[in-house]
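Secondary and tertiary structure notes
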Amino acid sequence: MWRRLLKVAAIGVASVLALLLISIAANAMLTRSEKSDLVPYGTKVSIAAGDLNVYRNGGTGPTIVLLSGWGTAAPAVDFAPLIRELDAFNVIVIEGFGYGYSDLGVTDRTVENISAEIHEVLAKLGVDSPVILAGHSIGGLYTHYYANAYPGEVAAIIGIDPMTAQTSSLEVSDASTVFGTLADLGLVRVANALAPALVQPNGTAFTTDERKRIVAMTDWTSGNAAVSDEWARMAANSTKAAALPIPAGIPVLEMLATDTINTNTHWLPDHKAELAEVTVHELDIIEGTHYLHWTQAPLMGRTIAAFLAAHLSH
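Residues numbered from 1 in each chain as written. Predicted model: local features only at pLDDT ≥ 70, side-chain atom pairs only at ≥ 80, totals over all residues. Heavy atoms only, no water.

This next bit is on helix α9 (residues 225-232). Taken across its eight residues, α9 has six buried, putting it largely inside the fold. For α9, the set of buried residues is Ala226, Val227, Ser228, Asp229, Glu230 and Ala232. Summarising the contacts, the buried residues of α9 are in contact with α4 (111-125), α5 (138-149) and α10 (234-242). Between a side-chain oxygen at the N-terminus of α9 and the backbone nitrogen of Ala226 the separation is 3.0 Å; the capping residue is Asn224. (Buried < 20%, exposed > 50% of the residue type's maximum accessible area, 1.4 Å probe, protein only. Helix = DSSP H or I, 4+ residues; strand = E, 2+ residues; numbered from the N terminus. Contact = heavy atoms within 4.5 Å. Polar contact = N/O pair within 3.5 Å; in protein donor to acceptor, adjacent residues only side chain to side chain.)

Moving on, we come to the packing of α5 against α10. Interhelical geometry of α5 versus α10 gives an angle of 35° and a closest axis separation of 9 Å. Crossing geometry of α5 relative to α10 is assigned as left-handed. Here α5 contributes Ile138, Leu141, Tyr142, His144 and Tyr145 to the contact with α10, which in turn contributes Met234, Asn237, Ser238, Lys240 and Ala241. Tallied by class, the residues present in the contact of α5 with α10 amount to six nonpolar, three polar and one charged. (Axes fitted to C-alpha atoms, helices over the stretch in contact; angles between N-to-C directions. Left-handed = near helix turned anticlockwise from the far one by under 90°. Nonpolar A, V, L, I, M, F, W, Y, C, P; charged D, E, K, R; others polar.)

Here the residue pair Ser129 and Pro130 is connected by a cis peptide bond, since its omega of 0° sits within 30 degrees of zero. Mapped onto the elements, Pro130 comes out in the loop between α4 and β5 (131-136). Positive phi is not limited to glycine here, since Ser137 has a value of about 55°. In this structure, Ser137 sits in the loop between β5 and α5. Notably, Asp161 is not glycine yet its phi reads approximately 40°, a positive angle. Along the chain, Asp161 falls in the loop between β6 (154-160) and α6 (178-184). What makes Asp161 buried here is its relative accessible area of 0%.

Our next topic: the environment of Asp209. Summarising the element assignment, Asp209 is placed in helix α8 (residues 208-221). Asp209 sits 171 residues away from Leu38 along the chain, and the two C-alpha atoms are 9.0 Å apart.

Attention now goes to the nonpolar core. A general trend in soluble globular proteins is that nonpolar side chains are found buried together. Core analysis: the biggest nonpolar cluster contains 39 residues, and Ile64, Leu66, Met255, Ile304 and Leu308 have the highest contact counts within it. When residues of this core are assigned to their parent elements, the largest contribution, five residues, is made by helix α14 (residues 297-311). When residues no more than four places from it in sequence are discounted, the contact partners of Met255 are Ile158, Gly159, Ile160, Asp161, Pro162, Asp284, Ile286, Leu292, Met300, Thr303 and Ile304. Formed by 37 residues, the second largest nonpolar core is a distinct cluster that contains Val65, Phe97, Val154 and Met163. (Core = buried A, V, L, I, M, F, W, Y, C linked by side-chain atoms within 4.5 Å.)

Before going further, it helps to spend a moment on the pairing of strand β7 (residues 252-257). Taken residue by residue, a regular strand's side chains alternate between the two faces of the sheet. Most of β7 is tucked away: six of the six residues are buried. The alternating pattern of β7 places Val252, Glu254 and Leu256 on one face and Leu253, Met255 and Ala257 on the opposite face, and all of these are buried. Summarising the sheet, β6 and β7 pair through four bridges and their orientation is parallel. Bridge pairing links Ile158 to Leu253 in β7. (Pairing = 2+ DSSP bridges.)

What follows deals with the side chain of His271. The topology assignment puts His271 in helix α12 (residues 267-275). Among residues more than four places away in sequence, those in contact with His271 are Pro162, Thr164, Glu254, Leu256 and Leu283.

Next up, the structure:
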């Protein structure tokens, strides 16, 4: 009996290993095919730490710099519906390390490094200050810190259901590599194929090509070293930002999602508290999920344009 059980166990282990090897090979083959088929967007900008991918819409108005939320596989594509609504502005999407077509292996994702990299990219692009910084989710944390790190270089801040700066800990947690391992094994691709809703944006604002890119780039970039390190430093980065209040003289527009407010009782009060000392601020609650720009881009575009027209000095 024991020999039979051991034989069955051995066959089971061998079968699992064989399936994993097939998954790894298929994932590598499909990744090569997708990267050959999908023409990269944007322009690579070389800075001291590596190469960052930057997308520009070609607009001639005031400069809006869009910063994505954590783990967004293809920021320039993720923001596409909102970018289309902001065609009167010079929109720049800086894909941080670990995102889109930027280098994936750059660690030390401290808020100081991330802010310095944004600053270095804008300098390389010859962008005149001050700029409008717009951040989604954790990107809101970086707009907050950047405005303090580079005084006089931010004309306004826009938050898209942004993370507030909270004092927590300066300790860095362990950067988990589990998700990266699952991606290397091809299991993230399998999960996305079986449950497309895991990565497909809500609503109808994305083209077929954009949806294809989001899924493919999620399969390529999931759990990479840079985003894992950024996750590990989230509490420490938030603590550093919390030590510096948002400059009172910078106009701030924040758009919060109803879904987030309903699931997090601290979300709305925390944002009100963070904005309390900001002289000019507007806090709008918009129906939708945390990724408001997937479904509410037209309303957001109008809200942003009206706020900036009313509060930016010309």
